[in-house]
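Residues per chain are reported as follows:
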2 protein chains.
Amino acid sequence: MTITLYELVGKDETRPFSPHCWKVAMALAHKGLDWTSVKTPFTGITGIEGAGKTVPVIRDGERIVSDSFQIALYLEKTHPDRPALFGGPGGEAMARFVESWTQTQLNAVLGMAAVMDIHDCLSPTDQTYFRKSREARFGATLSEAKERGVEKLPELRGRLQPLRAMFAHQPYIGGQTPLFADYIVFGSLQWIRIVSPDPLLERDDPVLDWFDRCLDLHDGLGRKTPAAA
Amino acid sequence: MTITLYELVGKDETRPFSPHCWKVAMALAHKGLDWTSVKTPFTGITGIEGAGKTVPVIRDGERIVSDSFQIALYLEKTHPDRPALFGGPGGEAMARFVESWTQTQLNAVLGMAAVMDIHDCLSPTDQTYFRKSREARFGATLSEAKERGVEKLPELRGRLQPLRAMFAHQPYIGGQTPLFADYIVFGSLQWIRIVSPDPLLERDDPVLDWFDRCLDLHDGLGRKTPAAA
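Worth saying up front: this structure is predicted, and the values here are computed from it rather than measured.

S.K.: So, the interface of chain A and chain B: which residues are in play, and what are the values?
M.R.: On the side of chain B, 31 residues touch chain A, which itself brings 31 residues to the contact. When chain A packs against chain B, the two sides together hide about 2300 Å² of surface, and 73% of this comes from carbon and sulfur. The interface formed by chain A and chain B contains zero salt bridges. The interface formed by chain A and chain B contains eight residue pairs in polar contact (both at pLDDT 80 or more). A breakdown of the residues in the side of chain A that touches chain B according to their chemical character gives 15 nonpolar, 13 polar and three charged.

S.K.: Help me get a handle on the relation of the copies chain A and chain B, residues and values and all.
M.R.: For the match of chain A to chain B, the screw axis carries a shift of 0.0 Å, the RMSD comes to 0.0 Å, and the turn is 180°. Such a turn and shift between the copies fits a two-fold axis. Minimal C-alpha distance to the rotation axis in chain A is attained by A:Gly91, lying at 2.0 Å. Looking at chain A, 100% of its interface residues are interface residues in chain B too, so the copies touch through the same face.

S.K.: I'd like a description of the pairing of strand β4 (residues 63-66) of chain A, backed by residues and values.
M.R.: Residues and elements named next belong to chain A. By the bridge criterion, four bridges tie strand β3 (residues 57-60) to β4 in an arrangement that is antiparallel. The residue bridging Asp60 from the neighbouring strand is Arg63, located in β4. Counted along the chain from β3 to the antiparallel partner β4, the turn is two residues long, and its residue Gly61 has a positive phi close to 65°.

S.K.: An account of the sheet that holds strand β2 (residues 35-40) of chain A is requested, with residue identities and associated values reported.
M.R.: Residues and elements named next belong to chain A. With mixed pairing, the four strands of this open sheet are ordered in space as β2-β1-β3-β4. In this open sheet, the two strands that pair with only one neighbour each are β2 and β4. Pairs of neighbouring strands in the sheet enclose a mean axial angle of 20°, with direction left out of account. Packed on one face of the sheet, helix α2 (residues 68-78) meets β1 (3-8), β3 and β4 and runs near 135° to β4.

S.K.: Tell me about the packing of aromatic side chains, and please be specific about residues and values.
M.R.: Counted by the stated rule, this structure contains 17 aromatic pairs over all chains. Both rings, one in B:Phe42 and one in B:Phe130, keep their centres 5.5 Å apart while their planes meet at 40°; by these two values the pair is tilted. Of the two residues, B:Phe42 sits in the loop between β2 (35-40) and β3 (57-60) while B:Phe130 sits in helix α5 (residues 124-138), which places them 88 residues apart along the sequence. Taking relative accessible area as the criterion, B:Phe42 reaches 11% and is therefore assigned buried. Its relative accessible area of 2% is what places B:Phe130 among the buried residues. Among the aromatic residues, ring-to-ring pairing joins A:Phe97, A:Trp101, B:Phe97 and B:Trp101 into one connected group. Directly above the aromatic system of B:Phe69 lies the positively charged group of B:Arg96, at a separation of 3.7 Å from the ring centroid.

S.K.: Give a description of the domain arrangement of chain A that names residues and reports values.
M.R.: All names here are of chain A. We note that the domain assignment places domain 1 (3-78) and domain 2 (89-224) within chain A. Here the C-alpha centroids of domain 1 and domain 2 sit 18 Å apart. Contact with domain 1, which involves 25 residues of that partner, is made by 33 residues of domain 2. In total, about 2400 Å² of surface goes out of reach between domain 1 and domain 2, with carbon and sulfur atoms giving 72% of it. Looking at the side of domain 1 facing domain 2, the largest losses of area belong to Met26, Phe42 and Phe69, adding up to 29% of the total buried there. Connecting domain 1 to domain 2 are zero salt bridges.

S.K.: So what about the environment of A:Ala140? Which residues, and what values?
M.R.: Residue and element names in this part refer to chain A. For Ala140, the position within the fold is in the loop between α5 (124-138) and α6 (142-151). Residue classification places Ala140 among the buried residues on the basis of a relative accessible area of 7%. Note: C-alpha distance between Ala140 and Pro19 (121 residues apart in sequence) is 23 Å. Not counting residues up to four positions away in its chain, the partners in contact with Ala140 are Glu135, Ala145 and Arg148.

S.K.: Let's hear about the nonpolar core: which residues, and what values?
M.R.: One recurring pattern in soluble globular proteins is that nonpolar side chains are buried together. Counting residues in each nonpolar core, the largest one holds 154 residues, and the members touching the most others are A:Leu163, A:Trp210, B:Leu75, B:Leu163 and B:Trp210. Beyond its immediate sequence surroundings of up to four residues, B:Trp210 is in contact with B:Phe167, B:Pro171, B:Tyr172, B:Asp182, B:Val185, B:Phe186 and B:Leu189.

S.K.: Would you mind going over the packing of α5(B) against helix α6 (residues 142-151) of chain B in detail, with residue names and values included?
M.R.: Residues and elements named next belong to chain B. Packing of α5 against α6 leaves a shortest axis separation of 9 Å and a crossing angle of 55°. Considering their axes alone, α5 and α6 lie oblique with respect to each other. The way α5 lies across α6 gives a crossing that is left-handed. Here Phe130, Arg131, Arg134, Glu135 and Phe138 of α5 lie close against α6, whose contacting residues are Leu142, Ala145 and Arg148. Per-class residue counts for the contact of α5 with α6 are four nonpolar, no polar and four charged.

Here is what the cut-offs are and how they apply
Residues numbered from 1 in each chain as written. Chains lettered and ligands numbered in written order. Predicted model: local features only at pLDDT ≥ 70, side-chain atom pairs only at ≥ 80, totals over all residues. Heavy atoms only, no water. Contact = heavy atoms within 4.5 Å. Buried area = accessible area lost by both parts, 1.4 Å probe. Salt bridge = Lys/Arg side-chain N within 4 Å of Asp/Glu carboxyl O. Polar contact = N/O pair within 3.5 Å; in protein donor to acceptor, adjacent residues only side chain to side chain. Nonpolar A, V, L, I, M, F, W, Y, C, P; charged D, E, K, R; others polar. Least-squares fit on C-alpha atoms with pLDDT ≥ 70 in both. Pairing = 2+ DSSP bridges. Helix = DSSP H or I, 4+ residues; strand = E, 2+ residues; numbered from the N terminus. Axes fitted to C-alpha atoms, helices over the stretch in contact; angles between N-to-C directions. Phe/Tyr/Trp six-rings, centres within 6.5 Å; stacked < 30°, edge-to-face > 60°. Buried < 20%, exposed > 50% of the residue type's maximum accessible area, 1.4 Å probe, protein only. Lys NZ or Arg CZ within 6 Å of the ring centre and 35° of its normal. Domains from an automatic or database assignment. Core = buried A, V, L, I, M, F, W, Y, C linked by side-chain atoms within 4.5 Å. Parallel < 35°, antiparallel > 145°, perpendicular 65-115°, else oblique. Left-handed = near helix turned anticlockwise from the far one by under 90°.

In structure tokens, the structure reads:
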């Protein structure tokens, strides 16, 4: 049975960009599972499969699962014979730390710095929704939010220092090979790669080497969506 | 056979304070192993058991192991029947991420902010060594280094946000129970608790609740060394 993945797109349906949907796409590929993608605009999310208010959502036969972490747990549980996404109970617990780190230290800044780029990717209907909901969330206009985010980008580059230090020991957060924790961080950099033409990192940043390794995984799945130009 | 742990002390030998030695003490207690502590001043480290230039070092029979992470790996391998320190290969890999995060995001600042407190804990001979080596490392006097560190404490409190977000899912970095990754972060807060009378965190910070849980572990091992007054 092929899994259905509902993933976020803008006006170009060939360019899914949501960090959380990318985590799931990479997790599905990691497990060697087939899936079909249902391209979903922001204003098409509510009520997908009755699952609520966010993407990703997957349907696997009769089973509906939403939330990227829950989906990864579901895939690990239903396909224990396929390559591991967590590598045991310690890896499952610490992937939550990696998720919390990514959300609070990276995504909070990236979501502001790239807010105009994201807006510009969307269909007109989605743009109206996005502007209203984000201006309410940030308590600022989109361009003010962008300015705030861009100001924090140098600090964000510093916050990636744990990855750089870790590379002295191993090439992936998962060790010698990637695990779901890698896809959590990958999702954020892939999001920005797809929506924004501005380079986020310095060309010689070892984090970019890791990101390139991730883009090569699973027959270059991540690379199949070209970078924003 | 009782394990010997060489751990750093200042002029009061009952108050071991090194973050890295605390990781190992907690790991030994986690495994339910007996150990005897050899109290070691900074100027007594060189040449311990021929192992090199840092503590912790353990001797287990004929085996000498140095470096806190290597010691934890050694304990996990030699005592697979005791409670797990890593919880599988994923947990082992991600503990490296937690270590890199702790070193770069926390310890780098804490080591400067508390540098005078650490200095003041030491014997006169160690104080001379410490001042010279730290002034060379920081390229600044100890009081300048302290000033730089203290300035960054508000930012450091922000860098703990990943832990606060994670607590929505689980009480420990290791999940429902602690793993070595918890002891990595615990070691840093315990270090500051023992050397510095200045409160590092706000009283209502959820990170303090987690730290209290860690202090209670293993019959209150961490609490047996009272906080600096």
